[in-house]
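Structure assessment
Chain by chain, the residues:
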Amino acid sequence: MSESRKKALEARLDPRQRIAALLCVERELTDEVERKSFDEIAAEVGVSRQALYKWRTQNKTFIEYVNLLADDFLESKRARVYNRMMKLIDSEQPSVKALDLYFRRFGLLTDKSVVETKDSGPARSNDDIAQELAELDELISGDGDGCGDSPNENG
């Protein structure tokens with residue numbers, strides 16, 4: 001996490017909110033059996049459950065701070081994630097998804113798009129296009145179509 005961004009967010013939160021954010025991240029990363037309830041977190045920081053709920057769902061600064069803390073924690077676990085991925089790759093029946101992630105992570109596999117264009121016939125010269133435009137102008141003006149100027153004429 002950008003330390004400057006973290007500090008900027010912390011400056012906009014009061015100490016109870018900073019502690020609550022950390023406890024919320026810990027809650028999400030803890031096994032359900034050992035997990036604190038939101039009531040317990042609210043009591044620990046000295047606010048109502050409703051106040052904590054509002055912070056978690058409506059306070060953009062609080063939400064961003066929680067997300068940055070979670071990102072920091074996950075970043076510290078990158079080696080562990082790679083270890084698990086390698087176990088999946090090295091297993092007796094390797095995981096195709098783990099292989100895909102490995103190749104994509106190191107730029108060894110990229111999506112390839114093929115674009116085909118159809119030839120629309122021989123290329124036309126500027127003179128041919130100019131002549132066609134002149135013919136269209138003549139048709140629009142009514143001079144070269146054999147019709148009169150009035151749509152009600154019966155010819």
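The structure under discussion appears in the preceding block.
Residues numbered from 1 in each chain as written. Predicted model: local features only at pLDDT ≥ 70, side-chain atom pairs only at ≥ 80, totals over all residues. Heavy atoms only, no water.

Our focus in this paragraph is the overall build of the protein chain. Helix and strand counts for the protein chain come out as eight helices and zero strands. Put simply, the protein chain runs from its N terminus to its C terminus through helices and strands in the order α-α-α-α-α-α-α-α. For the protein chain, the residues scored as buried account for 19% of the 155 residues in total. In the protein chain, once contacts between residues fewer than 6 apart in sequence are set aside, the share between residues at least 24 apart is 46%. (Helix = DSSP H or I, 4+ residues; strand = E, 2+ residues; numbered from the N terminus. Buried < 20%, exposed > 50% of the residue type's maximum accessible area, 1.4 Å probe, protein only. Contact = heavy atoms within 4.5 Å.)

Further remarks concern the pattern of salt bridges. Considering all chains together, one arrives at seven salt bridges under this definition. Between Glu64 and Arg5 there is a salt bridge, and its shortest N-O distance comes to 2.8 Å. Within this pair, whereas Glu64 is found in helix α5 (residues 60-76), its partner Arg5 is found in helix α1 (residues 3-12), the two being separated by 59 residues in sequence. Overall, Glu64 belongs to the partly exposed group, its relative accessible area being 30%. (Salt bridge = Lys/Arg side-chain N within 4 Å of Asp/Glu carboxyl O.)

We now examine the packing of aromatic side chains. Per the stated rule, a full pass over the model turns up three aromatic pairs. Here the aromatic rings of Trp55 and Phe62 are separated by 5.8 Å at their centres, their planes lie at 40 degrees, and the arrangement is tilted. With respect to burial, Trp55 and Phe62 carry one shared label: buried. Note on Tyr102 and Phe106: the rings are 5.1 Å apart at their centroids and 50 degrees apart in plane angle, and the pair reads as tilted. What makes Tyr102 partly exposed here is its relative accessible area of 29%. Phe106 gets classed as partly exposed once you look at its relative accessible area, which sits at 43%. Among the aromatic side chains, those forming a connected cluster through ring pairs are Tyr102, Phe103 and Phe106. Looking at Arg27, its charged tip hangs above the ring of Phe38, at a distance of 3.9 Å from the centre. Sitting over the face of the ring of Phe38, Arg56 holds its NZ or CZ atom 3.6 Å from the ring centroid. (Phe/Tyr/Trp six-rings, centres within 6.5 Å; stacked < 30°, edge-to-face > 60°. Lys NZ or Arg CZ within 6 Å of the ring centre and 35° of its normal.)

Moving on, we come to the nonpolar core. Counting residues in hydrophobic clusters, the biggest one holds 19 residues, and the most contacted among them are Leu52 and Phe62. When contributions to this core are tallied by element, the ones reaching two or more residues are α2 (15-28), α3 (38-45), α4 (49-58) and α5. (Core = buried A, V, L, I, M, F, W, Y, C linked by side-chain atoms within 4.5 Å.)

A cluster of nonpolar side chains, contributed by Phe103, Phe106, Leu108 and Leu109, occupies part of the molecular surface with about 370 Å² of accessible area. Within the secondary structure, Phe106 sits in the loop between α7 (96-105) and α8 (126-141). (Patch = residues over 30% accessible without salt bridge, like charges linked within 9 Å, V, L, I, M, F, W, Y side chains within 5 Å. Areas by Shrake-Rupley, 256 points an atom, 1.4 Å probe, with all protein chains shown as cover.)

Attention now moves to α5. If you check α5, its first and last C-alpha atoms are 24 Å apart, about what 17 residues at 1.5 Å a residue would give, namely 24 Å. Within the sequence span of α5, burial applies to Thr61, Phe62, Tyr65, Val66, Leu68 and Leu69. Looking straight down α5, one finds its buried side chains confined to an arc of 160 degrees; they lie on one side. Its buried side turned inward, α5 meets α1, α2 and α4. (Expected span 1.5 Å × (residues − 1). Arc of directions from axis to C-beta.)

All right, on to the packing of α1 against α5 then. Following both chains from N to C, one finds α1 and α5 inclined at 140 degrees, their axes separated by 10 Å at the closest point. Judged by the angle between their axes, α1 and α5 are oblique. Crossing angle aside, the handedness with which α1 passes α5 is left-handed. Listed contacts from α5 to Arg5, Lys6, Leu9, Glu10 and Arg12 of α1 are Thr61, Glu64, Tyr65, Leu68 and Leu69. Classifying every residue of the contact of α1 with α5 gives four nonpolar, one polar and five charged. (Axes fitted to C-alpha atoms, helices over the stretch in contact; angles between N-to-C directions. Parallel < 35°, antiparallel > 145°, perpendicular 65-115°, else oblique. Left-handed = near helix turned anticlockwise from the far one by under 90°. Nonpolar A, V, L, I, M, F, W, Y, C, P; charged D, E, K, R; others polar.)

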